[in-house]
Amino acid sequence: MTQRLKDKVAIVTGAGRGIGRGIALRFAREGAKVGVLDLSGAECQRVVDEINAAGGEALALAADVTEETDVNLAVERLRARFGPVTVLVNNAAVMPAGPIHETSPKDFDRCLAVNLRGAYLMSRAVIPDMLKAGTGSIIHMSSVTGLLGLPGLAAYSATKAGLSGLARAMSTDYARHGIRTNAVAPGTIDSPMLHDFLAAQANPEPLRDQFDAMHPIGRVGQIDEVASVFVFLASDESSFVTGATYTVDGGLSVKGEQPQD
Ligand SMILES: NC(=O)c1ccc[n+]([C@@H]2O[C@H](COP(=O)([O-])OP(=O)(O)OC[C@H]3O[C@@H](n4cnc5c(N)ncnc54)[C@H](O)[C@@H]3O)[C@@H](O)[C@H]2O)c1
């Protein structure tokens with residue numbers, strides 16, 4: 001079977017668990033050498049061990065994407081191990097809940113720092129490699145919350161809309177240099193984030209059913225269904241795709257409602 005990411009060196013942030021882990025595992029299976037970046041070195045190492053056990057190559061990078069020195073060091077370590085970085089996935093995020101008047105300045109700032117400034121710092125660190133190589137793919141993890149007004153997620157939604165804007169703006173700066181920048185906007189995904197959220201509710205079962213029913217396809221998405229789109233955008237198969245936001249949401253963002261009698 002041809003490996004779609006052979007010869008790529010990729011860095012995935014927030015890859016210690018959840019969707020980021022799923023993307024890192026798929027990238028490695030497709031032949032990429034993968035930098036697994038997250039806050040906890042132990043979590044990164046677990047994912048690296050999984051990749052190695054499946055015959056792939058990866059490096060654990062414990063780093064906080066809000067810290068410029070962490071970010072630069074992580075990129076340097078990956079470059080020293082595998083060569084210039086040609087794929088970046090900005091997936092790390094935090095999600096403070098609540099309407100704006102109940103969101104503390106501390107939570108708001110942290111949300112911006114991780115979700116948006118982290119993507120900026122990571123992009124800034126890898127773009128020189130991509131300019132030198134004359135090729136690169138940067139993919140920002142957005143969300144349908146960046147396209148729709150969903151209740152109780154204002155700060156998070158603002159950063160997700162920002163990431164789509166960043167992908168659009170960066171595409172115009174770098175298209176001529178062979179660097180493509182896109183965003184992916186998933187609907188609700190069957191992930192540890194969703195499980196944690198449901199576990200904290202008094203009555204999780206009917207809520208889980210509501211999440212399923214909210215998506216026109218009739219269910220929430222699977223991590224691998226999101227990872228597939230990242231493989232496409234990271235690979236040369238998407239060579240004419242830049243500045244786009246791909247929704248992976250079972251139709252949620254285009255759903256209309258008709259009055260019922
Ligand atoms: N789960 C969903 O339903 C869903 C839907 C749409 C979009 N998304 C987006 O997908 C991405 C992954 O979501 P998930 O469900 O896997 O979430 P998750 O909370 O399981 O994973 C996020 C990861 O980011 C890491 N992280 C947080 N702050 C960091 C920092 N400062 N530096 C480095 N790493 C940091 C965390 O340690 C964690 O491993 C996020 O960007 C999220 O907004 C998720």
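The structure displayed is predicted, hence computed values, not measured ones. (Residues numbered from 1 in each chain as written. Predicted model: local features only at pLDDT ≥ 70, side-chain atom pairs only at ≥ 80, totals over all residues. Heavy atoms only, no water.)

## A short note on the overall build of the chain
Basically, it comes down to this: Strands here mean DSSP runs of E at least two residues long; helices mean DSSP runs of H or I at least four residues long; both are numbered from the N terminus. Between the two quantities, the radius of gyration covers C-alpha atoms and the globule rule is 2.2 Å times the number of residues to the power 0.38. Relative accessibility under 20% of the residue-type maximum defines a buried residue, over 50% an exposed one, and the middle range a partly exposed one, all with a 1.4 Å probe and only protein chains included.
Scanning the chain from N- to C-terminus turns up 8 helices and 9 strands. Relative to its length of 261 residues, the chain is compact, with a C-alpha radius of gyration of 18 Å against a globular reference of 18 Å. Summarising its shape, the C-alpha atoms of the chain cover approximately 60 × 35 × 35 Å along the three principal directions. The buried share among the 261 residues of the chain stands at 49%.

## A few points about the pattern of salt bridges
Test applied: By definition here, a salt bridge exists when the distance from a side-chain nitrogen of Lys or Arg to a carboxyl oxygen of Asp or Glu is within 4 Å.
Across all of its chains, the model carries 12 salt bridges by this definition. In this structure, Asp7 and Lys6 form a salt bridge, with 3.8 Å as the shortest nitrogen-oxygen distance. For the pair Asp7 and Lys6, one class covers both residues: exposed. Its salt-bridge partner being Asp190, residue Arg208 comes within 3.6 Å of it at the nearest N-O pair. Separated by 18 residues along the polypeptide, Arg208 in helix α7 (residues 204–214) and Asp190 in strand β7 (residues 189–190) bring together distant segments of the chain. Judged by relative accessible area, which is 24%, Arg208 ranks as partly exposed. Since its relative accessible area comes to 18%, Asp190 is described here as buried.

## As for the sheet that holds strand β1 (residues 9–13)
Filter applied, for reference: For two strands to count as paired, DSSP must find a minimum of two bridges between them. An axis is simply a line fitted to the C-alpha atoms; with a helix, the fit covers only the stretch in contact. Between two such axes, the angle follows the N-to-C directions and lies from 0 to 180 degrees. We call two residues in contact when some of their heavy atoms are within 4.5 Å.
Across the sheet, 7 strands lie side by side as β3-β2-β1-β4-β5-β6-β9; this open sheet has parallel pairing. If you trace the sheet from one side to the other, it starts and ends with β3 (57–62) and β9 (245–248), each paired once. In this sheet, adjacent strand axes meet at a mean angle of 20° when their direction is disregarded. Note: strand β2 (residues 33–38) against β3, 6 bridges, orientation parallel. Considered in β3, the bridge of Leu37 is made with Leu61. Sitting on the sheet, helix α2 (residues 41–53) touches β2 and β3, and the angle it makes with β3 is about 180°.

## Section: helix α1 (residues 18–29)
Note the cut-off: Here, expected helix span is obtained from the residue count minus one, scaled by 1.5 Å.
Compared with the 16 Å implied by 1.5 Å per residue over 12 residues, the 17 Å span of α1 between its first and last C-alpha is a close match. Within α1, 9 of the 12 residues are buried, which leaves it mostly tucked inside the rest of the structure. Residues Gly18, Ile19, Gly20, Gly22, Ile23, Ala24, Arg26, Phe27 and Ala28 constitute the buried set of α1.

## Here we look at the pairing of β1
The criterion, for reference: Here a crossover is taken to be right-handed if, once the strands point away from the viewer, the path from the first strand over the helix to the second is traced clockwise.
Counted residue by residue, β1 has 5 buried out of 5 residues, so it is predominantly covered. The alternating pattern of β1 places Val9, Ile11 and Thr13 on one face and Ala10 and Val12 on the opposite face, and all of these are buried. Here β1 pairs with β2 via 5 bridges, running parallel. Residue pairing in the sheet places Ile11 in a bridge with Gly35 of β2. After leaving β1, the chain enters α1 and then returns to the sheet as β2, a path that is right-handed. Here β1 pairs with strand β4 (residues 87–90) via 3 bridges, running parallel.

## Digging into the side chain of Thr181
Heads up, the condition is: Identification of polar contacts relies on pairs of N or O atoms within 3.5 Å, with a donor-acceptor requirement for protein atoms, meaning one able to donate a hydrogen and the other able to accept it, and with residues adjacent in sequence counted only if both atoms are side-chain atoms.
Note that Thr181 resides in strand β6 (residues 179–186). A polar side-chain atom of Thr181 sits 3.0 Å from the main-chain amide nitrogen of Ser171.

## Some remarks on the nonpolar core
For soluble globular proteins, the rule of thumb is that nonpolar side chains tend to be buried together. The line we're drawing: The nonpolar core is taken to be a set of buried Ala, Val, Leu, Ile, Met, Phe, Trp, Tyr and Cys residues, with the residues joined through side-chain atoms within 4.5 Å.
By size, the foremost hydrophobic cluster in this structure holds 34 residues, and its most contacted members are Ile23, Phe27, Val34, Val36 and Phe230. Elements supplying a minimum of two residues to this core: β1, α1, β2, α2, β3, β4, β5 (136–141) and α8 (223–234). The element contributing the most residues to this core is α8, with 8 residues. Residues within four places of Ile23 in sequence aside, it is in contact with Val12, Val89, Met141, Ala227 and Phe230.

## What about the site of the ligand?
What counts is decided by this rule: In these notes, residues near a molecule or strand are those with any non-hydrogen atom within 4 Å of it. To measure how exposed things are, a 1.4 Å probe is used in the Shrake-Rupley method; for residues, cover is taken only from the protein chains shown. Residue polarity follows a fixed list, in which Ala, Val, Leu, Ile, Met, Phe, Trp, Tyr, Cys and Pro are nonpolar, Asp, Glu, Lys and Arg are charged, and the others, Gly among them, are polar.
Taken together, 25 residues sit near the ligand, with Arg17, Ile19, Asp38, Asn91 and Tyr156 positioned nearest. The contact in question runs from a nitrogen atom of the ligand to an N or O atom on the backbone of Val65, over 3.0 Å. Note that an oxygen atom of the ligand is positioned 2.8 Å from one of the backbone N or O atoms of Ile189. Protein coverage of the free-state accessible area of the ligand, which is 820 Å², stands at 92%. Of all elements in the fold, only α1, α4 (105–133) and α5 (154–174) reach the threshold of two or more residues within the shell around the ligand. Of the residues in the shell around the ligand, the class split is 12 nonpolar, 8 polar and 5 charged.

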